[in-house]
Amino acid sequence: MPNADLLKWWQTIKITWTNQMAYKFNFILMVIAPVLVFYLVKYNIWSSIYALNDLSIIKNYTLQEMLNYQAWSMVVAFLGLAYINSKVSEDIRMGRISAFLLYPFDFWKFHTGSFLGFQLTQLTICLFTVFALLMSGLVEWASWIPLLQGIVISLEVGVLWFILMFSIALLSFWMEETWVLRVMLITISQFLSGSIIPIDLYPQWLQSILAYTPFPYLTFVPIKIFMGQGEYGFLSSFFIILFWIIIAFFMLKVIWNKGVKLYTAAGI
């Protein structure tokens, strides 16, 4: 029944939201800590780089523009790259997946609902963070349009990231631990997506290669959309990310179909 299914989705999202908000002090830290860390780490690092080398500009980036880029990078990370769930791997390894195979609410629906609840929390934190950055003057903001477009693109990136993380977790059908693969993907993505250094500072040959991968669309392109730089169109970026979501989802289905045939409920 559609209504019953919607209720299950809503309850799963609600439970995740409740768990995230259960410890108020922890939530306050999640709101405050990233901005403080940004000030203590990235602000001081990039200010020192420009000051020590007596630079006013690094390949079209002034210090203010670089800080603006790094601040939006933090916002994109909240909405797009924050989801790291080891529970999928544990459910497979410990045999808990057997219950989901019997329940009327599928395994993927439950974890997708949990992801949506998590994203709701992240969106709340993101809005607080954006407000703090705007008040501090670290980010430049011309209108609502780039802000809303950036949020939409970042949430779309979050869907792609969730599918990638879910796919890696499903490798638990064959592997005892998958955390190494998750860490590898996170580390590689940080360097190749422009999370640490803008991609347009990379060598031209590397930029050309990355243009054929989803990595620039994980961080670099959403940042540029937040910054209102018109050469990175919202619609074209949206459909390119959608293209990679479809490919990632197809890969996920292949891994699931092959893995569940091998599943023997070991651990129960």
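Quick note: structure is the one above.
The notes below deal with the structure included here. In this text the structure is predicted, and so the values were computed from the model without any measurement. (Residues numbered from 1 in each chain as written. Predicted model: local features only at pLDDT ≥ 70, side-chain atom pairs only at ≥ 80, totals over all residues. Heavy atoms only, no water.)

This part takes up the overall build of the chain. Across its full length, the chain holds 11 helices and two strands. Reading the secondary structure of the chain in the N-to-C direction produces α-α-β-β-α-α-α-α-α-α-α-α-α. Each of the 268 residues in the chain was classed as buried or not, and the buried ones make up 44%. Here the analysis covers contacts within the chain between residues at least 6 apart in sequence; of these, 77% occur between residues at least 24 apart. Total accessible area on the chain stands at roughly 14400 Å², and carbon and sulfur atoms take up 72% of it. (Helix = DSSP H or I, 4+ residues; strand = E, 2+ residues; numbered from the N terminus. Buried < 20%, exposed > 50% of the residue type's maximum accessible area, 1.4 Å probe, protein only. Contact = heavy atoms within 4.5 Å. Areas by Shrake-Rupley, 256 points an atom, 1.4 Å probe, with all protein chains shown as cover.)

Turning our eyes to something else, we now look at a nonpolar patch on the surface. On the surface, Val37, Tyr39, Leu40, Val41, Tyr43 and Ile45 cluster together into a nonpolar patch covering about 530 Å² of accessible area. On the secondary structure map, Val41 appears in helix α2 (residues 24-52). Residue Val41 is classed as partly exposed on the basis of its relative accessible area of 39%. (Patch = residues over 30% accessible without salt bridge, like charges linked within 9 Å, V, L, I, M, F, W, Y side chains within 5 Å. Salt bridge = Lys/Arg side-chain N within 4 Å of Asp/Glu carboxyl O.)

Glancing now at the packing of helix α6 (residues 107-136) against helix α7 (residues 144-170). Contact geometry of α6 with α7 gives a least axis separation of 11 Å together with a crossing angle of 145°. Of the two possible hands of crossing, α6 and α7 adopt the one that is right-handed. Residues Phe107, Trp108, His111, Thr112, Phe115, Gln119, Leu123, Leu127 and Val130 of α6 lie in contact with α7, whose contacting residues are Leu147, Ile151, Leu155, Gly158, Val159, Phe162, Phe166 and Leu170. Among the residues forming the contact of α6 with α7, the class breakdown is 13 nonpolar, four polar and no charged. (Axes fitted to C-alpha atoms, helices over the stretch in contact; angles between N-to-C directions. Left-handed = near helix turned anticlockwise from the far one by under 90°. Nonpolar A, V, L, I, M, F, W, Y, C, P; charged D, E, K, R; others polar.)

Judged by nonpolar contacts, the single largest core of 64 residues is most densely connected at Trp72, Phe107 and Leu170. When residues in this core are grouped by element, the largest group, 13 residues, is from α7. (Core = buried A, V, L, I, M, F, W, Y, C linked by side-chain atoms within 4.5 Å.)

One pass over the full model with this rule turns up one salt bridge. A salt bridge links Asp200 to Lys224; its shortest N-O distance comes to 3.6 Å. Within this pair, whereas Asp200 is found in the loop between α8 (179-192) and α9 (204-210), its partner Lys224 is found in helix α10 (residues 220-226), the two being separated by 24 residues in sequence. Of the two residues, Asp200 and Lys224, neither departs from the other in class, the shared state being buried.

Attention shifts here to the packing of helix α3 (residues 63-80) against α7. Where α3 meets α7, the closest approach of the two axes is 7 Å, and the angle between their N-to-C directions is 45°. By the angle class used here, α3 and α7 are oblique. At the point where α3 passes α7, the crossing takes the right-handed sense. Counted together, Trp72, Val76, Leu79 and Gly80 of α3 and Leu147, Ile151, Ser154, Leu155, Val157, Gly158 and Trp161 of α7 form the full contact between these two elements. Of the residues that constitute the contact of α3 with α7, the class distribution is eight nonpolar, three polar and no charged. (Parallel < 35°, antiparallel > 145°, perpendicular 65-115°, else oblique.)

For the rest of this paragraph, the subject is the packing of aromatic side chains. One pass over the structure, following the stated rule, counts 13 aromatic pairs. Aromatic side chains Tyr83 and Phe115 sit 5.2 Å apart centroid to centroid with 85° between the ring planes, which places their arrangement in the edge-to-face category. Here Phe115 lies in helix α6 and Tyr83 lies in the loop between α3 and α4 (87-93), a separation of 32 residues in the sequence. Phe115 gets classed as buried once you look at its relative accessible area, which sits at 3%. Each ring, one from Phe234 and one from Phe238, has its centre 6.2 Å from the other, and the planes form 40°; the classification is tilted. Of this pair, Phe234 and Phe238 both sit in helix α11 (residues 234-262), four residues apart, which is roughly one turn of the helix. (Phe/Tyr/Trp six-rings, centres within 6.5 Å; stacked < 30°, edge-to-face > 60°.)

A rise of 1.5 Å per residue sets the reference length of α6, with its 30 residues, at 44 Å; its end C-alpha atoms lie 43 Å apart and thus fit the reference within 8%. The first or second residue beyond α6 is Gly137, which carries a positive phi of 80°. (Expected span 1.5 Å × (residues − 1).)

Turn by turn, an α-helix covers 3.6 residues, leaving residues three or four places apart pointing in a common direction. An ideal rise of 1.5 Å per residue puts 42 Å on 29 residues; α11 measures up with 42 Å between its terminal C-alpha atoms. Listing the buried residues of α11 in full gives Ser237, Ile241, Ile245, Ala248, Leu252, Ile255, Trp256 and Gly259.

Within the secondary structure layout, Leu171 lies in the loop between α7 and α8. As a C-alpha pair, Leu171 and Val88 span 83 residues in sequence and 10.0 Å in three-dimensional space. Those residues in contact with Leu171, other than ones at most four positions away along the chain, are Thr178, Leu181 and Ile255.

A word on the side chain of Asp200. Engagement of the side chain of Asp200 in a polar contact is seen with the side chain of Tyr61, the distance being 2.9 Å. Among residues more than four places away in sequence, those in contact with Asp200 are Lys59, Tyr61, Gln207, Phe220 and Lys224. (Polar contact = N/O pair within 3.5 Å; in protein donor to acceptor, adjacent residues only side chain to side chain.)

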